[in-house]
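Summary of structural features
What follows is each chain in one-letter form.
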Amino acid sequence: MSNADAEKLMRREFGQQLSRIATAWRREVDRDLRSYNLTDAQWRPLYYLGQLPPPVRQTDLAQALSVEAPSLARVLDVLEKTGLITRDVDGEDRRSKHVTLTKAGANMADRVRDAVDGVGARLLDGASTQALQDCLSVFEQVLGAVHDAREKRALEEGGTTTNRRNENAAPGGRSTRGAR
């Protein structure tokens with residue numbers, strides 16, 4: 001096998017492994033949160049909202065979660081009905097809504113964060129700090145390439161570009177890594 005073929009296979013395997021890891025990681029968090037009756041679609045917004053200073057624009061939350069705004073709106077309807085969040089019209093832009101955790105929502109977001117931290121501790125047990133830093137560096141490189149490809153497509157299609165933002169960043173461009 002040539003070096004080019006070996007590299008092609010390694011890149012393919014990287015993508016496949018990354019997808020499997022993301023799915024398995026989220027399933028572990030789902031399992032740990034089962035007793036709270038939270039779905040993946042529900043705990044993820046709570047997690048992000050728990051990491052960020054309020055209020056968070058609904059559109060920014062959708063972007064951070066990599067979901068379409070209408071899909072997120074349905075999930076937020078459920079979270080609002082259960083008393084975990086509130087949504088208020090943005091005073092600066094009446095088309096936009098701010099999403100804020102209620103006291104019960106903040107408590108649940110803490111539980112979600114604890115579950116996420118617990119899964120991370122279990123699944124990364126034995127991984128060195130250097131290995132994690134190297135892995136995060138590769139992830140940032142991949143996310144930058146994804147962003148650049150999206151920008152290029154938007155320009156080619158005659159659209160406008162977005163602000164340079166890390167795809168795993170929270171609204172406002174702040175990375176959620178290490179945030180509390």
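Residues numbered from 1 in each chain as written. Predicted model: local features only at pLDDT ≥ 70, side-chain atom pairs only at ≥ 80, totals over all residues. Heavy atoms only, no water.

If you look the protein chain up in an unreviewed UniProt entry, it shows as MarR family transcriptional regulator from Acetobacter sacchari.

A short note on the overall build of the protein chain
For the protein chain, the helix and strand inventory stands at six helices and three strands. Reading the helices (α) and strands (β) of the protein chain from amino to carboxyl end gives α-α-β-α-α-β-β-α-α. Restricting to contacts in the protein chain with at least 6 residues of sequence separation, those with at least 24 account for 51%. Just so you have it, the protein chain exposes about 11600 Å², and 51% of that area is on carbon and sulfur atoms. (Helix = DSSP H or I, 4+ residues; strand = E, 2+ residues; numbered from the N terminus. Contact = heavy atoms within 4.5 Å. Areas by Shrake-Rupley, 256 points an atom, 1.4 Å probe, with all protein chains shown as cover.)

With respect to the packing of helix α2 (residues 40-51) against helix α3 (residues 58-65)
Relative to each other, α2 and α3 sit at 115°, their axes nearing to 10 Å. Considered as vectors, α2 and α3 are oriented roughly perpendicular to each other. Like other packed secondary-structure pairs, α2 and α3 cross with a definite hand, here right-handed. Residues R44, P45, Y48 and L49 of α2 pack against L61, A64 and L65 of α3. A breakdown of the residues in the contact of α2 with α3 according to their chemical character gives six nonpolar, no polar and one charged. (Axes fitted to C-alpha atoms, helices over the stretch in contact; angles between N-to-C directions. Parallel < 35°, antiparallel > 145°, perpendicular 65-115°, else oblique. Left-handed = near helix turned anticlockwise from the far one by under 90°. Nonpolar A, V, L, I, M, F, W, Y, C, P; charged D, E, K, R; others polar.)

Digging into the sheet that holds strand β3 (residues 97-101)
Across the sheet, which stays open at both edges, the three strands sit in the order β1-β3-β2 with antiparallel pairing between neighbours. If you trace the sheet from one side to the other, it starts and ends with β1 (56-57) and β2 (85-89), each paired once. Of the strand pairs in this sheet, β2 and β3 are connected by five bridges, and their pairing is antiparallel. In the strand pairing of β3, R87 is matched with V99. (Pairing = 2+ DSSP bridges.)

Some words on the packing of aromatic side chains
A complete count under the given rule lists one aromatic pair for this structure. Look at Y47 and Y48: their rings are 6.0 Å apart centre to centre, the planes differ by 90°, and that puts the pair in the edge-to-face class. The class of Y47 is buried, set by a relative accessible area of 16%. On the accessibility criterion, Y48 (11% relative accessible area) is buried. (Phe/Tyr/Trp six-rings, centres within 6.5 Å; stacked < 30°, edge-to-face > 60°. Buried < 20%, exposed > 50% of the residue type's maximum accessible area, 1.4 Å probe, protein only.)

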